[in-house]
Amino acid sequence: MTLVLHGRKVVPGVVEGEALVSHETISGWGGIDPERGVITERRHELAGQCFTGKILVFPGAKGSSGWSGFFQASRLAGTAPLGMIFTAMTTKVALGAVVTRVPAVLVPTEQHPLDVISTGDWVRIDAASGVVEIKKSD
Amino acid sequence: MKLTDDEKAMRDGAEGPAVAAAMDLLVRYGEALDCERLCDTRNVAGTMTQPSPAKTRLVKEGGWHKAFAVINLDCDEDIEIPDMRVPTCQLQHGFSGDAEGVVPYSKELIELQDDAEAFYGRRGVSILATCTPYQVGNLPVRGEHCAWMESSAVVYCNAILGARTNCEGTASTGAASLTGKIPCWGNHLPENRYGTHLVDVGVPVDDFLEWGMLGYFVGDLVQEDRPVITGEIGQPELVDLKHFGAAAASSGGVEHYHIPGITPEAPSLEAAFGPQPVPESVHYGPAQRLAIYEDLNSQGSSTDVDFVLLGCPHASIEQIWRAAKALDGRTLNSGTQLWIVVPRALKAVADRSGYTETIERAGGRLLTDSCPAMSRAAPTGTKVFATDSAKQAHYLPAILGIDAWFGSLEDCVNAAVTGRWTGGLR
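If you're wondering where the values come from, they're calculated on a predicted model, not measured in any experiment.

Enquirer: Would you mind going over helix α15 (residues 390-400) of chain B with me for this structure?
Expert: Working note: α-helix, 3.6 residues per turn, so residues spaced by three or four point in the same direction. Residue and element names in this part refer to chain B. Summarising burial for α15: 10 of the 11 residues are buried, a large majority. Every buried residue belonging to α15 is among Ala390, Lys391, Gln392, Ala393, His394, Tyr395, Leu396, Pro397, Ala398 and Ile399, and all of these are buried. Two or three places before Lys391, at the start of α15, stands the capping residue Ser389, its side-chain oxygen 3.2 Å from that residue's backbone nitrogen. A positive phi of about 65° marks Gly401, the residue just after α15.

Below, the structure is given as structure tokens:
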């Protein structure tokens with residue numbers, strides 16, 4: 001089964017890969033370890049999970065202004081996610097997506113990307129057109 | 001994005017390749033935000049000197065020019081970094097020389113940072129080296145467009161000073177420092193500065209501990225939105241609002257808020273919400289207060305405290321004085337360390353006023369420039385720490401893998417003296 005969502009371009013590019021879905025916002029500084037590409041916030045639903053090479057699907061950024069710097073550091077360390085899909089625009093997540101240099105799309109909450117997409121689904125982002133295609137894993 | 005003639009000229013290289021790279025980043029960032037234009041700023045607070053593994057590698061590869069290009073401009077070209085175009089300051093960074101022999105922190109990183117300070121200082125970056133630039137000389141005026149990082153400083157800048165900044169990042173502040181420009185989006189626009197949620201406080205909030213807990217509650221409630229706080233709040237002081245904002249920007253992403261009758265953009269409750277009607281209020285009463293306290297104290301079980309951390313965000317001179325009074329004539333437990341992190345400019349005042357001597361006589365230390373979270377460093381072997389900062393209790397367990405207790409400054413000092421956590425809500 002293939003589903004399609006329509007968002008708007010944040011960072012252009014085309015990419016496809018496996019989804020890693022977080023229903024909670026993500027902290028950059030103090031929330032991830034860029035050298036390992038792992039979410040480290042102890043009480044986070046993805047605590048201990050690695051986002052390297054995954055399409056990160058999440059509501060948006062929270063916490064420190066170090067968000068973009070930490071995701072940029074993941075790019076420099078080779079541990080970055082493959083792409084980003086999120087629902088809430090902030091300066092942190094916008095700059096973060098830009099300096100991580102991965103295709104990124106803002107999908108309106110009304111399309112429920114956090115419920116439609118599950119971890120393990122195969123996702124293709126065409127950021128310029130804002131189209132997100134999802135092949136469900138089940 | 002619509003660029004003005006001067007912005008187009010910068011983008012096209014009229015001011016050199018570094019300014020062109022800065023403008024390119026601002027355009028990419030502005031387009032990501034779906035923002036129409038840039039605005040002028042003459043007040044940038046960012047970070048260039050903080051050591052990191054990536055920066056160490058880049059400096060080895062191409063010196064500080066390379067590090068700034070990649071990290072502060074997101075540019076891979078080999079370019080020369082010119083003087084800052086507008087006043088720019090360095091926020092908190094790594095530990096510095098005064099930490100040697102106290103903090104398990106590498107001498108190489110201290111030397112790398114010293115080297116960075118010399119490079120950037122020569123280009124016009126003022127090394128304030130604190131998360132609280134508003135405490136040591138960078139005090140924007142109401143309505144001023146700023147480009148600041150550091151979530152606790154951003155919320156102070158917007159809410160308390162009435163200046164206008166988004167929560168910027170390393171690259172956007174780097175680009176702003178060389179162009180005097182920043183996307184005119186979010187908090188820069190008056191229509192985005194009105195309150196969205198009303199919080200009615202039903203317990204006395206009259207000390208920075210209470211303000212910190214209220215901030216942690218409010219941040220979790222509103223996330224990125226703009227709360228308006230009313231009810232049983234006393235007259236807040238700088239320290240109270242420093243802790244409120246830092247906590248609200250940790251449990252959520254609060255960048256702006258109003259306290260009617262107190263903060264500059266909210267002369268009244270109605271004014272705080274502007275054209276929108278005043279919404280139904282959310283109550284913060286004894287039950288909510290207790291739940292927040294228990295939440296902040298849910299990251300530990302052992303009451304043996306190895307380490308006490310005060311001063312997040314960086315302590316005010318009043319907090320240093322209050323710690324000195326609490327420590328006067330007492331001696332720390334042999335297995336417990338107490339650090340108070342402060343701006344270096346206020347350390348000079350504490351030294352001169354004798355507070356440092358009192359604190360050090362008890363066995364405590366004042367440390368400048370950084371904090372355990374920024375530098376990822378606590379006393380060797382620390383398993384359990386105590387702090388009077390909701391922000392540090394929120395972040396440090398994740399960063400260092402240690403347990404946390406949260407309580408009043410006096411409860412924390414008692415833990416440092418006895419080695420045991422006996423704090424509680426009063």
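There is more to say after this.
Enquirer: What am I meant to see in the interface of chain B and chain A here?
Expert: You'll often see interface size given as the accessible area lost when the parts meet. Each partner contributes residues to the interface: chain B has 47 residues there, and chain A has 32 residues. Of the roughly 3100 Å² buried between chain B and chain A on both sides combined, carbon and sulfur atoms contribute 52%. Across the chain B-chain A interface, the total number found is 12 residue pairs in polar contact (both at pLDDT 80 or more). Breaking the side of chain B that touches chain A down by element, the ones donating at least two residues are α2 (17-33), α3 (53-73), α6 (170-179), α14 (372-375) and α15 of chain B. A per-class count over the side of chain B that touches chain A returns 23 nonpolar, 12 polar and 12 charged.

Enquirer: For this particular structure, what's the right way to read the pairing of strand β8 (residues 227-233) of chain B?
Expert: Successive side chains on a regular strand alternate, one facing one side of the sheet and the next facing the other. All names here are of chain B. Across the 7 residues of β8, 5 count as buried, placing the element largely inside the fold. In the sheet, strand β7 (residues 197-205) pairs with β8 via 6 bridges, with the strands oriented parallel. Each residue of the ladder has a partner; that of Val199, found in β8, is Ile229. With helix α7 (residues 208-222) bridging β7 and its parallel neighbour β8, the resulting β-α-β unit is right-handed.

Enquirer: Please clarify how the sheet that holds strand β5 (residues 147-148) of chain B should be interpreted in this entry.
Expert: The pairing of strands in a sheet comes from backbone hydrogen bonds and takes either a parallel or an antiparallel form. All names here are of chain B. Judged by pairing direction, the sheet is parallel, and its 4 strands sit side by side in the order β4-β3-β2-β5 without closing on themselves. With partners counted over all chains shown, the strands left at the sheet margins are β4 (125-126) and β5, one partner each. Bridge analysis of strand β3 (residues 88-90) against β4 gives 2 bridges, and the strand direction is parallel. Residue Thr88 lies in a different strand from β4, and its bridge partner there is Val125. The strands touched by α6 are β2 (44-46), β3 and β5; relative to β2, the strand with the most contacts, the crossing angle is about 145°.

Enquirer: Where do I start with the pattern of salt bridges in this structure?
Expert: It is possible for side chains of opposite charge to pair when their charged atoms get near one another. Under the counting rule described, the total for this entry stands at 29 salt bridges over all chains. For Arg57 of chain B, the salt bridge identified is with Glu35 of chain A, shortest N-O distance 3.5 Å. Taken together, the residues span two chains, with Arg57 of chain B in helix α3 and Glu35 of chain A in the loop between β5 (32-33) and β6 (38-39). Given the relative accessible area of 39%, Arg57 of chain B is considered partly exposed. In this structure, Arg420 of chain B and Asp304 of chain B form a salt bridge, with 3.0 Å as the shortest nitrogen-oxygen distance. Note that Arg420 of chain B is positioned in the segment after α16 (409-418) and Asp304 of chain B in the loop between α10 (286-296) and β10 (307-310), a separation of 116 residues in sequence. A relative accessible area of 44% means that Arg420 of chain B is categorised as partly exposed. Residue Asp304 of chain B is classed as partly exposed on the basis of its relative accessible area, which comes to 43%.

Enquirer: Could you clarify how one ought to interpret a negative patch on the surface in this entry?
Expert: Residues Glu108, Glu111, Asp114 and Asp115 of chain B make up a contiguous surface patch of negative charge. For Asp115 of chain B, a relative accessible area of 42% translates into the label partly exposed.

Enquirer: Where do I start with the nonpolar core in this structure?
Expert: For soluble globular proteins, nonpolar side chains are generally found buried alongside one another. Among the nonpolar cores identified, the biggest contains 74 residues, and Val201, Leu214, Ile229, Tyr257, Tyr284, Val308 and Leu310 of chain B are the most heavily contacted of them. Not counting the four nearest positions on each side in its chain, Val308 of chain B is found in contact with Thr336, Gln337, Leu338, Trp339, Ala386, Cys412, Ala415 and Ala416 of chain B. Counting 69 residues, the second largest nonpolar core, distinct from the first, contains Ile32 of chain A together with Met23, Met48 and Cys75 of chain B.

Enquirer: Would you explain the environment of Arg123 of chain B in this entry?
Expert: All names here are of chain B. Positionally, Arg123 belongs in the loop between α4 (107-122) and β4. Exposure remark for Arg123: the relative accessible area of 15% places this residue in the buried category. On a C-alpha basis, the gap between Arg123 and Met84 in space is 5.9 Å, while along the polypeptide they are 39 residues apart. In this structure Arg123 touches His65, Ile81, Pro82, Asp83 and Met84, once residues within four positions along its chain are discounted. At a separation of 2.9 Å, a polar atom in the side chain of Arg123 contacts the main-chain carbonyl oxygen of Ile81.

The rules we used
Residues numbered from 1 in each chain as written. Chains lettered and ligands numbered in written order. Predicted model: local features only at pLDDT ≥ 70, side-chain atom pairs only at ≥ 80, totals over all residues. Heavy atoms only, no water. Buried < 20%, exposed > 50% of the residue type's maximum accessible area, 1.4 Å probe, protein only. Helix = DSSP H or I, 4+ residues; strand = E, 2+ residues; numbered from the N terminus. Polar contact = N/O pair within 3.5 Å; in protein donor to acceptor, adjacent residues only side chain to side chain. Contact = heavy atoms within 4.5 Å. Buried area = accessible area lost by both parts, 1.4 Å probe. Nonpolar A, V, L, I, M, F, W, Y, C, P; charged D, E, K, R; others polar. Pairing = 2+ DSSP bridges. Right-handed = clockwise from strand over helix to strand, strands pointing away. Axes fitted to C-alpha atoms, helices over the stretch in contact; angles between N-to-C directions. Salt bridge = Lys/Arg side-chain N within 4 Å of Asp/Glu carboxyl O. Patch = residues over 30% accessible without salt bridge, like charges linked within 9 Å, V, L, I, M, F, W, Y side chains within 5 Å. Areas by Shrake-Rupley, 256 points an atom, 1.4 Å probe, with all protein chains shown as cover. Lys, Arg positive; Asp, Glu negative; His and termini not counted. Charge placed at Lys NZ, Arg CZ, Asp CG, Glu CD. Core = buried A, V, L, I, M, F, W, Y, C linked by side-chain atoms within 4.5 Å.

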